[in-house]
Amino acid sequence: MYKIWAKTIRNERITKSHIYKHEGKFDIRDFESMLPKICEEMDVPTPVILVSHIRNFDNFGIARFLASDFVEDVPFDFFTLEYVKEQTGRIKHLYKEYLPVD
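This is a predicted model, so every value here is computed, not measured.

### What to know about a nonpolar patch on the surface
Argument step 1. On the surface, a nonpolar cluster with roughly 280 Å² of combined accessible area is contributed by Val48, Leu50 and Val71.
Argument step 2. By the secondary structure assignment, Leu50 is in the loop between helix H1 (31–42) and helix H2 (51–60).
Argument step 3. Take Leu50: its relative accessible area is 39%, and that puts it in the partly exposed class.

Below is the structure:
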């Protein structure tokens, strides 16, 4: 199962937020079919997908769509998709049990 955090941002504030959950393993080839489903669930128009969006999502786990990437006028500045990584096991601590004294 994988999760995608979708959010709309206006004036550096999140205006809408939604976590899209899907069973199975994520494959970047599913990006184009996944995006319309997320947009429909959030009641947001579907943006134009560029190669740079797919490449950024594949390499960095995040894709940012500008308002100019939409055909319609939208009430936000950015639409962002972010891959949510599942935490497994314990959190690694940098200093483990030793903290430097100031």
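### Here's the deal with the pairing of strand E1 (residues 2–10)
Argument step 1. Across nine bridges, E1 lies against strand E2 (residues 13–22) in antiparallel orientation. For Ile4, the partnering residue across the bridge sits in E2 and is Tyr20.
Argument step 2. The turn joining E1 and E2, which pair antiparallel and follow one another in sequence, is formed by two residues; a positive phi near 55 degrees is taken by Asn11.
Argument step 3. Pairing geometry for E1 and strand E4 (residues 78–84), over seven bridges, is antiparallel. Across the sheet, residue Ala6 finds its bridge partner in E4, namely Leu81.

### Looking at the nonpolar core
Argument step 1. Ranked by size, the top nonpolar core spans 19 residues in total, and within it Ile4, Ile38, Phe65, Phe79 and Leu81 carry the most contacts.
Argument step 2. Residue assignment for this core shows that the elements contributing at least two residues are E1, H1, strand E3 (62–66) and E4.
Argument step 3. Counting residues per element, this core draws most heavily on H1, at six residues.
Argument step 4. Excluding residues that lie within four positions of it along the chain, Phe79 makes contacts with Ala6, Lys7, Thr8, Leu35, Ile38, Cys39, Met42, Pro47, Ala63, Arg64, Phe65 and Phe70.

Reading the values: rules and limits
Residues numbered from 1 in each chain as written. Predicted model: local features only at pLDDT ≥ 70, side-chain atom pairs only at ≥ 80, totals over all residues. Heavy atoms only, no water. Patch = residues over 30% accessible without salt bridge, like charges linked within 9 Å, V, L, I, M, F, W, Y side chains within 5 Å. Areas by Shrake-Rupley, 256 points an atom, 1.4 Å probe, with all protein chains shown as cover. Salt bridge = Lys/Arg side-chain N within 4 Å of Asp/Glu carboxyl O. Helix = DSSP H or I, 4+ residues; strand = E, 2+ residues; numbered from the N terminus. Buried < 20%, exposed > 50% of the residue type's maximum accessible area, 1.4 Å probe, protein only. Pairing = 2+ DSSP bridges. Core = buried A, V, L, I, M, F, W, Y, C linked by side-chain atoms within 4.5 Å. Contact = heavy atoms within 4.5 Å.

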